[in-house]
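Single-letter residue listing:
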Amino acid sequence: MKVTDKLVEGKTLFSFEILPPQKGSSIQSIYDAIDPLLDFSPAYINVTYHRQEYIYKKREKGYLEKVAVRKRPGTVGICAAIKHKYNIDTVPHLICGGFTRDETENALIDLQFLGIDNVLALRGDPIKTEHVFVPQEGGNKNALELVEQIMRLKKGIYLDEDVKNPHPLDLCVGVAGYPEKHFEAPNMATDIHFLKKKIEAGAQYIVTQLFFDNKKYFDFVVKCREAGITVPIIPGIKPISRLSHLTFMPKFFHVDLPESLSSELLNCTTDQQAAEVGREWATLQCAELVKAGVPSIHFYTMGKSTQVAAIAKAIY
Ligand code: FAD
């Protein structure tokens, strides 16, 4: 079932995101992350995609060899395993980085074949060895181009004009939005201008980057509506779970922590204390979001299902 068909007026759904494990792990580690959250009837589960990183290893005579590192199991396969084990809809993340259009088309064909009805279309971040995002040769340059490719496939237009009996793919497409602006955008108005283009191209809903100040989300929704974006805007919530998040969150996700949250965290001396502060903060955030009637709250678990379960128990 499509995400947009689940978003019912007046009811705030529960959904969450998990990361594919590092290579060598078994599917059981995914199930272990999901099981504690089943009691809260997740409407759907997102599975992120992680691009391969590359390092250059010095070989004989000074030659450099490009070596792939940190490979994780495939997102589409994990989504299929979850869907078939739990009968819960899944949303694979599909990124532009590292994919040619041909490979993207193949991934989309696979997920349609596996009975997955949704996809979150993203650009992806620059890899560690690049300062700016570099598209794959023959790949999409931004999320808008990816959405456009998916929309062509929804009309049965494949890359190869000679495909016999081209079946239109039937997928619900979500995209990312940034209540505190995407870090590369010169200003919020420009960022929302490009966000609107993804919606005009056919994306049906927006999931936000995590945020710790609900006002930023509410203001973002107002600005999107003023710009003529009418699709559901699903808030993304990530509870702080360790002391290092105080600096990691702003650095990695380009978001601010409100002063009252940061000062509480600065008083903590252990990860356990920080997680407690994070749980309390996220619970208050979620209670306010539910009261405001948001369509769904999307939790970034980052492998911390127990903490998200405690918040969901207080909210749902
Ligand atoms: P885009 O929509 O392409 O936007 C990127 C930047 O380019 C923005 O600044 C935008 O304003 C600008 N822009 C867009 N179109 C144009 C244009 N035509 N001309 C000029 N500028 C333009 N990353 C992963 O690698 N894997 C994941 O699984 C993943 N999941 C995510 C889930 C969510 C909910 C979110 C919010 C982010 C996720 N990310 C993930 C991170 C994401 O890939 C990065 O934030 C990335 O830098 C931008 O992706 P995007 O889809 O928003 O890009």
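Located above this text is the structure these notes cover.
Draft legend 1. Inspection of a negative patch on the surface at higher detail. A cluster of acidic residues, Asp 102, Glu 103, Asp 160, Glu 161 and Asp 162, forms a negative patch at the surface. The exposure class assigned to Glu 103 is partly exposed, which follows from its relative accessible area of 39%.

Draft legend 2. How the structure looks around the sheet that holds strand S6 (residues 118-122). If you walk around this closed barrel you meet the eight strands as S1-S2-S5-S6-S7-S8-S9-S10, and the pairing is parallel. In this sheet, adjacent strand axes meet at a mean angle of 30° when their direction is disregarded. Sitting on the sheet, helix H10 (residues 271-291) is in contact with strand S9 (233-237) and strand S10 (296-300), with an inclination near 165° to S9.

Draft legend 3. Inspection of the site of the ligand at higher detail. Surrounding the ligand, one finds 23 residues, the nearest of these being Tyr 49, Asp 125, Tyr 178, Asp 191 and Lys 198. In this structure, His 93 approaches the ligand through a side-chain N or O atom, which is 2.8 Å from an oxygen atom. Contact with the protein chains covers 83% of the free accessible surface of the ligand, which is 980 Å². With three residues, helix H6 (residues 188-201) is the largest single contributor of residues to the shell around the ligand. Across the shell around the ligand, the residue classes tally to twelve nonpolar, six polar and five charged.

Draft legend 4. View of the layout of surface pockets. Looking at the second largest pocket, its volume works out to about 620 Å³. What lines the second largest pocket is a set of 31 residues, among which Tyr 49, Arg 51, Gln 52, Gly 98 and Phe 99 lie closest to the centre. If you list the elements that add at least two residues to the lining of the second largest pocket, you get strand S3 (53-58), helix H3 (75-86), strand S5 (89-95) and helix H4 (101-113). The class makeup of the residues in the lining of the second largest pocket is 13 nonpolar, ten polar and eight charged.

Draft legend 5. Spatial organisation of the pairing of strand S1 (residues 13-18). Burial of S1 is extensive: six of the six residues sit out of reach of the surface. The two faces of S1 match: Leu 13, Ser 15 and Glu 17 on one face and Phe 14, Phe 16 and Ile 18 on the other face are all buried. Relative to S10, S1 is paired through five bridges, and the arrangement is parallel. Each bridged residue has a counterpart across the sheet, and for Leu 13 the counterpart in S10 is Ser 296. In this fold, the crossover linking S1 to strand S2 (residues 44-47) by way of helix H2 (residues 28-34) has right-handed handedness.

Each value, and the rule that gives it
Residues numbered from 1 in each chain as written. Predicted model: local features only at pLDDT ≥ 70, side-chain atom pairs only at ≥ 80, totals over all residues. Heavy atoms only, no water. Patch = residues over 30% accessible without salt bridge, like charges linked within 9 Å, V, L, I, M, F, W, Y side chains within 5 Å. Areas by Shrake-Rupley, 256 points an atom, 1.4 Å probe, with all protein chains shown as cover. Salt bridge = Lys/Arg side-chain N within 4 Å of Asp/Glu carboxyl O. Lys, Arg positive; Asp, Glu negative; His and termini not counted. Charge placed at Lys NZ, Arg CZ, Asp CG, Glu CD. Buried < 20%, exposed > 50% of the residue type's maximum accessible area, 1.4 Å probe, protein only. Pairing = 2+ DSSP bridges. Helix = DSSP H or I, 4+ residues; strand = E, 2+ residues; numbered from the N terminus. Axes fitted to C-alpha atoms, helices over the stretch in contact; angles between N-to-C directions. Contact = heavy atoms within 4.5 Å. Near = heavy atom within 4 Å. Polar contact = N/O pair within 3.5 Å; in protein donor to acceptor, adjacent residues only side chain to side chain. Nonpolar A, V, L, I, M, F, W, Y, C, P; charged D, E, K, R; others polar. 1 Å grid on protein atoms, 1.4 Å probe; cavity = no way out; pocket = protein on both sides within 12 Å on 5 of 7 lines; lining within 4 Å. Points joined across faces, edges and corners; volume = space filled by probe spheres on them. Right-handed = clockwise from strand over helix to strand, strands pointing away.

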